[in-house]
Amino acid sequence: MTEDTLTGTGDRAVTELRAAVPATTAPGAGTLLRLLRDGRPRTRSELASVTGLARSTVTQRVDALLASGLIGPSGEAVSTGGRPPTTFCFRPGARVVLAADLGATHTRMALTDMSGAVLAEDGIDLEIAAGPETVLDWVVEHGRTLIDRAGRSEDELLGIGLGLPGPVQHATGRAVNPPIMPGWDHFDVPGYVKSRLDVPVLVDNDVNIMAVGEHHASWPAASHLMFVKVATGIGCGIVSEGRVYRGAQGAAGDMGHVFVPSGSDKPCRCGNTGCLEAVASGAALAEALTEQGVPASGAREVVDLARSGSVPALRALRQAGRDVGEVLAAAVNMFNPSVIVIGGAMALAGDHLLAGVREIIYQRSLPLATEHLSIVSSTAGEGAGVVGAAVMVIEHCLSPGYADALVTRA
C-alpha cells in the first residue's frame, strides 16, 4: 500500500490490508494499526481473525502499539462466557501534524491530529517570491508557535506536509522550474525543513494537496475526482482510484496552460499565448477590469468587487467560468470523473464562476460522461490545502511499513 492511498474505511480497509500484505509476510504492528484506523474498536480475537495471525503474535503487536500510544483500550466487548475481552481503538490525538499551504501571495498553516482535524491554524500574507529560506524559516517558527498554542510538544510531531504553488517532483520534494517561485528551482525543501524539525517532511503541488483535502473532507467515496483551483493561477488536482495522479514528471493537471480560443492573443507568463490562465485567472481578470475602468489589483479584489455587486466583475467571473469549462469539458470526456470541485480564491465570489463552468461542460461533454457528474463548489474552502497536506503526511507515516518502524522507535 503506497503513501498515496487515501484512507479506507470498514470492509474496504480490511480488503486493502489483505491485498497489500503478501501471503508470505506476517503482518506487523503497522498493519493492525491500519485496520484500527477505521474507528471501530476490536478485540485481540477479532484482529487475529482478520489478519490470520496467532493470538500470541497479535498480543505482542497490540502491546507494542499500546506502548507507542497510537492505540488505547476502549472498553469491553460482550462476553461469550468468562471475563469480557478488552477492545482497542486508534487514538488520533496521540500525535500531531504540521501542514502548510504556500500560495503565491498567502500562506495558511495548521496543526492537526492524526484524523486531519485542525487543532490550531493561522494565515499570513507572504510572498513565495521572497525565496525558500525566508518562507521556510517562517513555516518552521510559526509551526512551533502553533504547537505551543495547542498545548502540545515537538516530541509529539508525526511529520510536516507542505504544498507549493508550482510543479513539484513528489519523490524528492523539490520544485521543478516553478514560474512564480524565484530561487526555489530544485531547492531541497524537505532537507531544509528537516534540519530544523527532525521529522518526515513531504512536499507536493498545492493543488494536489487541495484535491486530497477536499476528497478527505467531503468526497471520501468518490473514486474519481478533479479539484480545480482558480486563484492567482489555475491548476487541477486529480484523484483516480483513490490516489493522487501526478503523471510521469509530476505535471498532471496543469490545465492553466491549455489553449482556449477566447485568449488567442493574450500572452501568458509561460511564454505562449492563449493559455487559460492568461484569460481566466484572478490576475487576468484584475487586469481586464482595470482596463475597463474598474481598478483591481488581484484575485481577492476581484472577489470583493463581485460580492459588492459590480456588474463588470460578475460578467468577468461568468466568462472566466465558461473558459475554465472549455478545458474541463475535454477533461470530462477523457477522464470521466464523478466529481469536479471548484475552489481557490475566485470561487469565493459566489455562483457566477461555477455557473459558467457548468454551462459549458453540460453543453460540450458527452451525455454519458455527465450523467452522474457533480460539479460543486469547494466545501473545505481555503482550508482544503492544509487538510490535504496533513492527510498526505498521515497516510505516509501511518502506512504499515513506516508505522512498524515508528512503533519500534517508541
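Residues numbered from 1 in each chain as written. Predicted model: local features only at pLDDT ≥ 70, side-chain atom pairs only at ≥ 80, totals over all residues. Heavy atoms only, no water.

Going by what an unreviewed UniProt entry lists, the chain is known as ROK family transcriptional regulator and is assigned to Nocardiopsis coralli. We quote the UniProt Sequence similarities (unreviewed entry) comment for the chain here in full: "Belongs to the ROK (NagC/XylR) family." (UniProt positions renumbered as here; feature names shortened; annotations may be inferred.)

> Pulling in residues and values, what's your account of the environment of leucine 35?
One can find leucine 35 in helix α2 (residues 29–36). Each C-alpha atom, one on leucine 35 and one on glycine 325, is 40 Å from the other, the two residues being 290 residues apart in sequence. (Helix = DSSP H or I, 4+ residues; strand = E, 2+ residues; numbered from the N terminus.)

> Tell me about unusual backbone geometry, and name the residues and values.
In terms of backbone geometry, most residues other than glycine have negative phi values and most peptide bonds are trans. Positioned with a positive phi, glutamate 241 is a non-glycine residue whose angle comes to about 55 degrees. Along the chain, glutamate 241 falls in the loop between β12 (234–240) and β13 (243–244). Unusually for a residue other than glycine, asparagine 336 sits at a positive phi of about 55 degrees. Mapped onto the elements of the fold, asparagine 336 is located in the loop between α11 (311–335) and β14 (339–343). Of the residues examined, asparagine 336 reaches a relative accessible area of 42% and is grouped as partly exposed. (Buried < 20%, exposed > 50% of the residue type's maximum accessible area, 1.4 Å probe, protein only.)

> Account for the side chain of arginine 34, naming residues and giving values.
Along the chain, arginine 34 turns up in helix α2. Here glutamate 395 takes part through its side chain, which lies 2.9 Å from a polar atom of the side chain of arginine 34. (Polar contact = N/O pair within 3.5 Å; in protein donor to acceptor, adjacent residues only side chain to side chain.)

> Account for the nonpolar core, naming residues and giving values.
Core analysis: the biggest nonpolar cluster contains 45 residues, and Val228, Met255, Val324, Leu328, Ile340, Ile342 and Met346 have the highest contact counts within it. In this structure isoleucine 342 touches Val228, Val230, Leu328, Ala347, Leu353, Leu354, Val357, Val376, Ser377 and Ser378, once residues within four positions along its chain are discounted. The next biggest cluster of nonpolar side chains, apart from the first, holds 34 residues, and it includes Leu53, Val62, Ala99 and Val407. (Core = buried A, V, L, I, M, F, W, Y, C linked by side-chain atoms within 4.5 Å. Contact = heavy atoms within 4.5 Å.)

> Requested: an account of the packing of helix α3 (residues 44–51) against helix α4 (residues 55–68), with residues and values cited.
The geometry of α3 relative to α4 is characterised by a closest axis approach of 9 Å and an angle of 115 degrees between their N-to-C directions. Regarding the angle of α3 to α4, the classification is roughly perpendicular. Considering the relative orientation of α3 and α4, their crossing is right-handed. Packed against α3, whose contacting residues are Arg44, Ser45, Leu47, Ala48 and Thr51, the element α4 presents Arg55, Val58, Thr59, Val62 and Asp63 at the interface. (Axes fitted to C-alpha atoms, helices over the stretch in contact; angles between N-to-C directions. Parallel < 35°, antiparallel > 145°, perpendicular 65-115°, else oblique. Left-handed = near helix turned anticlockwise from the far one by under 90°.)

> Hey, could you go over the sheet that holds strand β3 (residues 86–90) for me, with residue numbers and the actual values?
Within the open sheet, the three strands sit side by side as β1-β3-β2. Their pairing is antiparallel. Edge positions in the sheet fall to β1 (42–43) and β2 (71–76), since each has one partner strand and no second. Examined bridge by bridge, β2 and β3 share four bridges and lie antiparallel to one another. By the bridge assignment, glycine 72 is partnered in β3 with cysteine 89. Running over the sheet, α4 touches β2 and β3 and is turned about 110 degrees from β2. (Pairing = 2+ DSSP bridges.)

> Residues and numbers for the pattern of salt bridges, please.
Scanning the entire structure with this criterion turns up 21 salt bridges. We note a salt bridge from glutamate 395 to arginine 37, for which the minimum N-O separation is 2.8 Å. Of the two residues, glutamate 395 is situated in helix α14 (residues 384–397) and arginine 37 in the loop between α2 and β1; the sequence distance between them amounts to 358 residues. Of the residues examined, arginine 37 reaches a relative accessible area of 13% and is grouped as buried. With its nearest N and O atoms 3.5 Å apart, the salt bridge here joins aspartate 122 to arginine 149. In this pair, aspartate 122 is assigned in strand β6 (residues 118–125) and arginine 149 in helix α5 (residues 132–149), connecting sequence segments 27 residues apart. According to the relative accessible area criterion, aspartate 122 is partly exposed, its value standing at 28%. On the basis of relative accessibility, which here comes to 47%, the residue arginine 149 falls in the partly exposed class. (Salt bridge = Lys/Arg side-chain N within 4 Å of Asp/Glu carboxyl O.)

> So what's going on with the packing of aromatic side chains? Residues and values would help.
In this structure the tally under the stated criterion is one aromatic pair. Aromatic side chains phenylalanine 187 and tyrosine 192 sit 5.5 Å apart centroid to centroid with 55 degrees between the ring planes, which places their arrangement in the tilted category. Each member of the pair, phenylalanine 187 as well as tyrosine 192, carries the same accessibility label: buried. Looking at arginine 196, its charged tip hangs above the ring of tyrosine 192, at a distance of 3.8 Å from the centre. (Phe/Tyr/Trp six-rings, centres within 6.5 Å; stacked < 30°, edge-to-face > 60°. Lys NZ or Arg CZ within 6 Å of the ring centre and 35° of its normal.)

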